[in-house]
Amino acid sequence: MLRRLKNIFDTFRYEIETQKLHMVFNFDSTNQLCKFENVNMRKQLIRSLQKMTSSIQSKDLRPFFMNTNTWISFIVILLSLIPSLTHAKTTEIFFQVDMTAIQGPITTVAVRGAMAPLSWETDFQLKDEDQDGIYTGRISIDSPYRYLRFKFVLNGLFELENGDNRMMDLRDYQSVIYQYNRYYALDQGTLDAIRFSPEQIEEDIRVLQATLEYIHPGLYNYQSKSEFVEALSTLEADMKSNPSLQNVYCKISEFIANIRCSHTFSNPYNQKHRIQQAFFFQEDKLPLTFTRADRQFLIDRFVTDNPQISKGLEIEAINGVPMSTIMESLVPFIAADGSNHEKKWQRLTMSGQAKVELFDLYYPLVYGSSGRFQLRLKDYVKDTVYTTEVRAITKYERDQGLQQKYPDFTTDFESGLSFEIMEGRLGKMTINSFANFNSDYNFEAFVQSSIQQMKDQNIEHFVIDIRQNEGGNSDPMEYLLEQILQEEIIVQPVRSTTAYKKIPDTIRPYITTWDKRVYNQGWKVQKQGNREYKLRSILSGRKKRYKPSKQGFKGKVYLLVSAENSSATHIMATYVKRHQLATIIGQETGGNQKGLNAGVLFFTTLPNTQIELDIPVYNIQLGAVGENTRDGGILPDYTVVREARDIALGIDPELKKVWELIDNEK
């Protein structure tokens, strides 16, 4: 028992220290989710786990029993693990890794992982007995947990640098030959062989209907119950007519997107092992990223050595199909709030920084892959149109190439922040994310330093650029608003409702979440009507009073927005517009003025297809919603239409508008 506890705590600590997800990470040993809202809680838990493992290893339990924080952490974790500790299963694993592509000497080949007898600190050596370049080794894992995370190690160095750990499903174990430094992907033949029976599809439909009808707070915001039932019937028929994994995934994605909630979708981040192997790791990805100007798409970064590829070229067609046609065919799979279709188009752009790009996922599912892309490109500098080809690559290969070629290509919170003084007249602050959940970077100090620079140089105009910011934590957003206030404002309370009071046993086996309190909301909610419970005011928020900061900026403020803005940045734009805190410039934001479904999420896994769906628990309204409330995002004070030629020539149209407004003040 002590050995097993040590392995559990070691695994848990490693996942906390190494996984770089914004809000939640998957505790792979128990398939539970944990949320770290501040870095201090994260550090405290890591320290507690270190003390636990060292005490268990020395068989002296006194050190952590004598520390209150450590003891509390131990109780919390142990209570969540006890059910799993009693259901251990033995799995015989035969590792095989192909090293034939390696150039240079091979001294040792090994595997490290998160379950005993593997560990992340010690090599489990693999051998090439027949000298064919395939290194092998057998281990026996005695564990109650489903997923083993691991990586291969060459000459003491981990493969897949800065990439996710490999994951093996112990309940559905199959021996495969891995390629060193390449994620394992299902080949087309294996993928085509995955089919679902009518009975399996019917069971998944029942689970999907039950969880949505019971949990989703906005299920009927944009469709009637009869329309929902009819769409569900159509979904079942479409899945039965073509029960392949590819078709089933597409049809479920399209169905769930029709609910018109940006937080309800087949979330690529949370898909299970088989879905990842089926769609995420194939060599069918573009060797470039692209941005958009309305319905035109322009190359941003690239890793191909094709000399005809450069930044700013418009992609007019791929493999003979116009880009506008391609995007129109992919839009139905993309989730957005209400009728905010610009958010769908925005989500299909590729920054290269997402764990899974939606274009990467859906383009091969709809159009297939031939290993190469024929691109028709328009050069606005030379005013020419031509066709060229690029080789399809893996997502990991593209990530590595982008990191090597572009030093600024990083994904942490701090790297998304910048400030500069332009022409001695304008301060420009760029904030590409509010997702600072696991960051100890001092955002407040960054803002204050920027404001002080403007004060020192008598800068009277301040631009806040959140065009690339989808959202995240509300704390930095609220702090920033306080720094631009000219007078006190009162923000009306948020109205939060949910569709249920307690989760029934019939659907509980199919859902998980990071906050166990939402399984039974008890006294925290008051029934308002059919499928509507209101959170009591003490929990859902009251009026907030914001006062101008003495250290804040006192000049003219401009907020640059785009369809990217949803969640916290939609809320920020709402408050700025409502209280006239800044001049808003750009395009309609993401989100919806009729309200958002967000807060805590349930992660629903359909039993047979194993497709995961995010379902939010709360409907959130930032004010009174009526018949005249706009079904869309926040409209800017000055709408700027982005032209492909401007973007290609390096012109920032939103910033150009700011300069125009400043000059017209004189």
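Procedures and definitions
- Residues numbered from 1 in each chain as written.
- Predicted model: local features only at pLDDT ≥ 70, side-chain atom pairs only at ≥ 80, totals over all residues.
- Heavy atoms only, no water.
- Pairing = 2+ DSSP bridges.
- Helix = DSSP H or I, 4+ residues; strand = E, 2+ residues; numbered from the N terminus.
- Axes fitted to C-alpha atoms, helices over the stretch in contact; angles between N-to-C directions.
- Parallel < 35°, antiparallel > 145°, perpendicular 65-115°, else oblique.
- Contact = heavy atoms within 4.5 Å.
- Nonpolar A, V, L, I, M, F, W, Y, C, P; charged D, E, K, R; others polar.
- Phe/Tyr/Trp six-rings, centres within 6.5 Å; stacked < 30°, edge-to-face > 60°.
- Buried < 20%, exposed > 50% of the residue type's maximum accessible area, 1.4 Å probe, protein only.
- Lys NZ or Arg CZ within 6 Å of the ring centre and 35° of its normal.
- Expected span 1.5 Å × (residues − 1).
- Polar contact = N/O pair within 3.5 Å; in protein donor to acceptor, adjacent residues only side chain to side chain.
- Patch = residues over 30% accessible without salt bridge, like charges linked within 9 Å, V, L, I, M, F, W, Y side chains within 5 Å.
- Areas by Shrake-Rupley, 256 points an atom, 1.4 Å probe, with all protein chains shown as cover.
- Salt bridge = Lys/Arg side-chain N within 4 Å of Asp/Glu carboxyl O.
- Right-handed = clockwise from strand over helix to strand, strands pointing away.
- Core = buried A, V, L, I, M, F, W, Y, C linked by side-chain atoms within 4.5 Å.
- pLDDT = per-residue confidence, 0-100.
- Lys, Arg positive; Asp, Glu negative; His and termini not counted.

**What about the sheet that holds strand 10 (residues 178-179)?**
Okay, step 1: Spatially, 6-3-10 is the arrangement adopted by the three strands of the open sheet, whose pairing is mixed. Two strands close off the open sheet at either side, each with one partner strand: strand 6 (134-143) and strand 10.
Okay, step 2: Both strand 3 (residues 89-98) and strand 10 contribute to a ladder of two bridges, which runs parallel. Bridging from a neighbouring strand, D98 pairs with Q179 of strand 10.

**Considering the sheet that holds strand 23 (residues 525-529)**
Okay, step 1: An order of 22-28-29-21-24-23 is seen for the six strands of this open sheet, with the pairing classed as antiparallel. Across the chains shown, the open sheet's two edge strands, defined by having one partner strand only, are strand 22 (511-512) and strand 23.
Okay, step 2: As paired elements, strand 28 (residues 596-605) and strand 29 (residues 612-621) share eight bridges and run antiparallel to each other. Across the sheet, A598 pairs through a bridge with Y618, a residue of strand 29.

**As for the packing of helix 10 (residues 323-330) against helix 12 (residues 358-367)**
Okay, step 1: Direction vectors running N to C along helix 10 and helix 12 enclose 100 degrees, while the axes themselves pass 10 Å from each other. Taken together, the axes of helix 10 and helix 12 are roughly perpendicular relative to one another. Between helix 10 and helix 12, the residues in contact are M323, T325, I326, M327, S329 and L330 and F359, Y362, Y363, V366 and Y367, respectively.
Okay, step 2: Residue composition of the contact of helix 10 with helix 12, grouped by class: nine nonpolar, two polar and no charged.

**Some thoughts on unusual backbone geometry**
If a residue is not glycine, its phi is most likely negative; likewise, a peptide bond is most likely trans.
Okay, step 1: With an omega of 10 degrees, the peptide bond between A116 and P117 qualifies as cis.
Okay, step 2: Tracing the sequence through the fold places P117 in the loop between strand 4 (109-113) and strand 5 (124-126).
Okay, step 3: Positive phi values are uncommon outside glycine, yet L160 reaches one of about 50 degrees.
Okay, step 4: With phi around 65 degrees, R260 is a residue other than glycine that occupies positive phi space.
Okay, step 5: With respect to the helices and strands, the residue R260 is situated in the loop between helix 8 (245-257) and helix 9 (273-279).

**Here we look at the packing of aromatic side chains**
What describes a pair of aromatic rings is the distance from one ring centre to the other and the angle between the planes of the rings.
Okay, step 1: Per the stated rule, a full pass over the model turns up 27 aromatic pairs.
Okay, step 2: Residues F297 and W345 carry aromatic rings whose centres are separated by 6.2 Å and whose planes lie at 20 degrees to one another, so their mutual orientation is stacked. With a gap of 48 residues between them, F297 in strand 12 (residues 296-302) and W345 in helix 11 (residues 341-347) connect regions that are remote in the sequence.
Okay, step 3: Note on F297: relative accessible area 0%, which makes it buried.
Okay, step 4: Residue class for W345 comes out buried when judged on its relative accessible area of 4%.
Okay, step 5: For the ring pair Y363 and Y367, a centre distance of 5.1 Å and an interplane angle of 20 degrees mean the geometry is stacked. Of this pair, Y363 and Y367 both sit in helix 12, four residues apart, which is roughly one turn of the helix.
Okay, step 6: A residue is classified by how much of its surface remains accessible, and Y363, at 4% relative accessible area, is buried.
Okay, step 7: Overall, Y367 belongs to the partly exposed group, its relative accessible area being 30%.
Okay, step 8: One aromatic cluster is present, formed by F290, F297, W345, F359, Y363, Y367 and F373 through successive ring pairs.
Okay, step 9: One cation-aromatic arrangement involves R138 over F94; the distance from NZ or CZ to the ring centre is 4.2 Å.

**Observations concerning helix 19 (residues 653-664)**
Okay, step 1: For helix 19, which comprises 12 residues, the first-to-last C-alpha distance of 16 Å matches the rise-based estimate of 16 Å (1.5 Å per residue) to within 8%.
Okay, step 2: Looking at helix 19, one finds that the buried residues are P653, E654, L655, K657, V658, W659, L661 and I662.
Okay, step 3: Near the N-terminus of helix 19, the side chain that reaches the backbone nitrogen of E654, with its oxygen 3.3 Å away, is that of D652.

**Points about a nonpolar patch on the surface**
Okay, step 1: Taken together, the side chains of V381, L649 and I651 define a hydrophobic patch exposed on the protein surface, amounting to about 260 Å² of accessible area.
Okay, step 2: For V381, the position within the fold is in the loop between strand 15 (372-379) and strand 16 (384-391).
Okay, step 3: Its relative accessible area of 63% is what places V381 among the exposed residues.

**Describing the pairing of strand 26 (residues 556-561)**
Okay, step 1: Summarising burial for strand 26: five of the six residues are buried, a large majority.
Okay, step 2: Judged from the five bridges that link them, strand 19 (residues 461-465) and strand 26 form a sheet pairing that is parallel. Paired with D465 across the strands is L560, a residue of strand 26.
Okay, step 3: Between the parallel elements strand 26 and strand 27 (residues 583-586), the chain passes through helix 17 (residues 568-579) in a crossover that is right-handed.

**Description of the nonpolar core**
One broad rule of soluble globular proteins: the nonpolar side chains tend to lie buried together.
Okay, step 1: One finds F279, F290, I318 and F359 to be the most contacted residues of the largest nonpolar core, which totals 86 residues.
Okay, step 2: Residue contributions to this core peak at seven residues, all from helix 8.
Okay, step 3: Residues contacting F279, with those up to four places away along its chain left out, are L191, L245, Q246, Y249, K285, L361 and L365.
Okay, step 4: In terms of nonpolar packing, the next biggest core, distinct from the first, is built from 38 residues, I464, A573, A582 and L622 among them.

**Let's talk about the confidence of the model for the protein**
Okay, step 1: When the pLDDT values of the protein are averaged, the result is 88; 86% of them are 70 or greater.
Okay, step 2: Throughout residues 13-41 the model reports pLDDT below 50, and contacts reaching past four residues in sequence, or to other chains, amount to 81 contacts.
Okay, step 3: For the stretch residues 80-86, pLDDT sits under 50, and the model shows 15 contacts to residues farther than four places along the chain or on other chains.

**Some points on the side chain of D98**
Okay, step 1: Topologically, D98 is positioned in strand 3.
Okay, step 2: It turns out D98 is buried and unbridged, and the closest side chain with the opposite charge, R182, is 9.6 Å from it.
Okay, step 3: Looking at D98, its side chain comes within polar contact range of the side chain of Q179, at 3.3 Å.
Okay, step 4: Ignoring anything within four residues of it in the chain, the contact list for D98 reads G133, I134, I177, Y178, Q179 and Y180.

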